[in-house]
Amino acid sequence: MKNGMDLHLHLDGSLTPAYVIRQAKKQGIELPVWDEKELVKYMTAPVDCQDLNEYLEKFDLPCSVMQTEDGLTDAAQDVCKQMKERGLSYVEIRFAPQLHTKKGLTQRQVVDAVLRGLICDESFEARVILCCMRMKDNEKENLETIQLASEYLGKGVVAADLAGAEALFPTSSFGNVFQKAKEAGVPFTIHAGEADGPESIWTALGFGAQRIGHGVRCLEDEKLVEYLREKQIPLEVCPTSNFQTKAVKGEYPLKKMLEKGLCVTLNTDNTTVSGTTLEKEFDIAENQLGLTREEIMTLKKNAEKARF
Ligand SMILES: [Zn+2]
């Protein structure tokens, strides 16, 4: 997609099966199958997932080969190459350093390894968002991620994020982490209003989030819609992913969000896990969700304004 910008793209959810096979061979890791076409089935969630948690299981296989420096540099290159080939001009790739320390790497080594694999040239630019995780007893790890985001800010890293199972670990438990981000001057987005309701968006905004990951459930709260419109807080909307995780049932409210004057951007979330591309998402927006040409242009302009 010519000059497309993807602001919500997870590294571990957007890898090619060729990458996983290459790294599994190098690292001596067993795979269920060794054929690209077969393997991709293990990496893509069904259109009809039970919930967000079933969707999240599809990250296990790619994550298993992303525990070495070479595996991480190769992963960043794999995603950059795909997006560049598809004609995108700018991507913000996000990942959680603490999920890649299972074989002894430090979070700092993880970040360094990913940054080494980024592609930036005259037609394409990739930047990184470091994710904190919604997990049990990991505040220390999350604080370390924020510390790294502050040190690497402007050196490949552009922001921080909070990812993981929103329904199990509410946004409100992460106040300390984002207090530190604020103090350190690290801009951040937070996954909110996806599996959890409008109150998680209010909490994220209260922490000082500059953008909201997904945020589709803001429509359940008129006051919140008004606030988001007035402040023009960018929402990183990912329709296919939301269908799969059942964050949205029935008609997808993209047109409604635009009609309400919200600063909506269109993104993929995970090209492999969701089996999509940015081009497909725009195609869905135009041909299934009934957006006008003008509304399509608005989405693109919003992405330019919203990039970190
Ligand atoms: Zn996401």
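Notes on the structure follow. This one's a predicted model, so the numbers in the text were calculated from it and none came from an experiment.

Re the overall build of the protein chain
(1) Moving on: Scanning the protein chain from N- to C-terminus turns up 14 helices and eight strands.
(2) Moving on: Computed over its C-alpha atoms, the radius of gyration of the protein chain comes to 18 Å, within 12% of the 19 Å expected for a compact globule of 308 residues.
(3) Moving on: Overall, the C-alpha framework of the protein chain stretches about 55 × 45 × 40 Å when taken along its three principal axes.
(4) Moving on: Scored against the burial criterion, the 308 residues of the protein chain give a buried share of 58%.
(5) Moving on: Restricting the contact set of the protein chain to residue pairs at least 6 apart, pairs at least 24 apart contribute 72%.
(6) Moving on: When the accessible area of the protein chain is evaluated, it comes to approximately 12900 Å², of which 49% is carbon and sulfur surface.
(7) Moving on: When the 38 basic and 48 acidic side-chain charges of the protein chain are each reduced to a single mean position, those positions are 2 Å apart.

Topic: the coordination of the zinc ion
(1) Moving on: Taken together, the protein ligands of the zinc ion are His-8 (NE2), His-10 (NE2), His-191 (NE2) and Asp-269 (OD), with distances of 2.1 to 2.4 Å.
(2) Moving on: Between the four donor atoms coordinating the zinc ion, the angles at the centre fall across 83 to 168 degrees, so the site counts as irregular.
(3) Moving on: Of note, the donors binding the zinc ion are all from one chain and are spaced H-x1-H-x180-H-x77-D. You'll find His-8 and His-10 in the same group, each marked buried.

Description of helix α1 (residues 17–27)
(1) Moving on: By the burial criterion, the buried members of α1 are Pro-17, Tyr-19, Val-20, Ile-21, Gln-23 and Ala-24.
(2) Moving on: Looking at the buried side of α1, the elements it contacts are α2 (36–43), α4 (60–64) and α5 (69–85).

Some details on the sheet that holds strand β6 (residues 211–214)
(1) Moving on: Read from one edge of the open sheet, four strands run β5-β6-β7-β8, paired in parallel fashion. Whereas interior strands pair on both sides, the edge strands pair on one side only; in this sheet they are β5 (189–192) and β8 (264–266). Neighbour-to-neighbour, the strand axes of the sheet open up by a mean angle of 30 degrees, direction not taken into account.
(2) Moving on: Note that β5 and β6 share four bridges and pair parallel.

Describing the pattern of salt bridges
(1) Moving on: One pass over the full model with this rule turns up 18 salt bridges.
(2) Moving on: A salt bridge links Arg-94 to Glu-236; the nearest nitrogen and oxygen atoms lie 3.0 Å apart. Of this pair, Arg-94 sits in strand β2 (residues 90–95) while Glu-236 sits in strand β7 (residues 235–237), and the two are 142 residues apart along the sequence.
(3) Moving on: For Arg-94, a relative accessible area of 0% corresponds to the buried category.

Rules used throughout
Residues numbered from 1 in each chain as written. Predicted model: local features only at pLDDT ≥ 70, side-chain atom pairs only at ≥ 80, totals over all residues. Heavy atoms only, no water. Helix = DSSP H or I, 4+ residues; strand = E, 2+ residues; numbered from the N terminus. Rg over C-alpha atoms; globule rule 2.2 N^0.38 Å. Buried < 20%, exposed > 50% of the residue type's maximum accessible area, 1.4 Å probe, protein only. Contact = heavy atoms within 4.5 Å. Areas by Shrake-Rupley, 256 points an atom, 1.4 Å probe, with all protein chains shown as cover. Lys, Arg positive; Asp, Glu negative; His and termini not counted. Charge placed at Lys NZ, Arg CZ, Asp CG, Glu CD. Donors = N, O, S within 2.8 Å, 3.2 Å for Na, K, Ca; no water. Tetrahedral: all angles 85-135°; square planar, octahedral: opposite > 155°, others 65-115°. Pairing = 2+ DSSP bridges. Axes fitted to C-alpha atoms, helices over the stretch in contact; angles between N-to-C directions. Salt bridge = Lys/Arg side-chain N within 4 Å of Asp/Glu carboxyl O.

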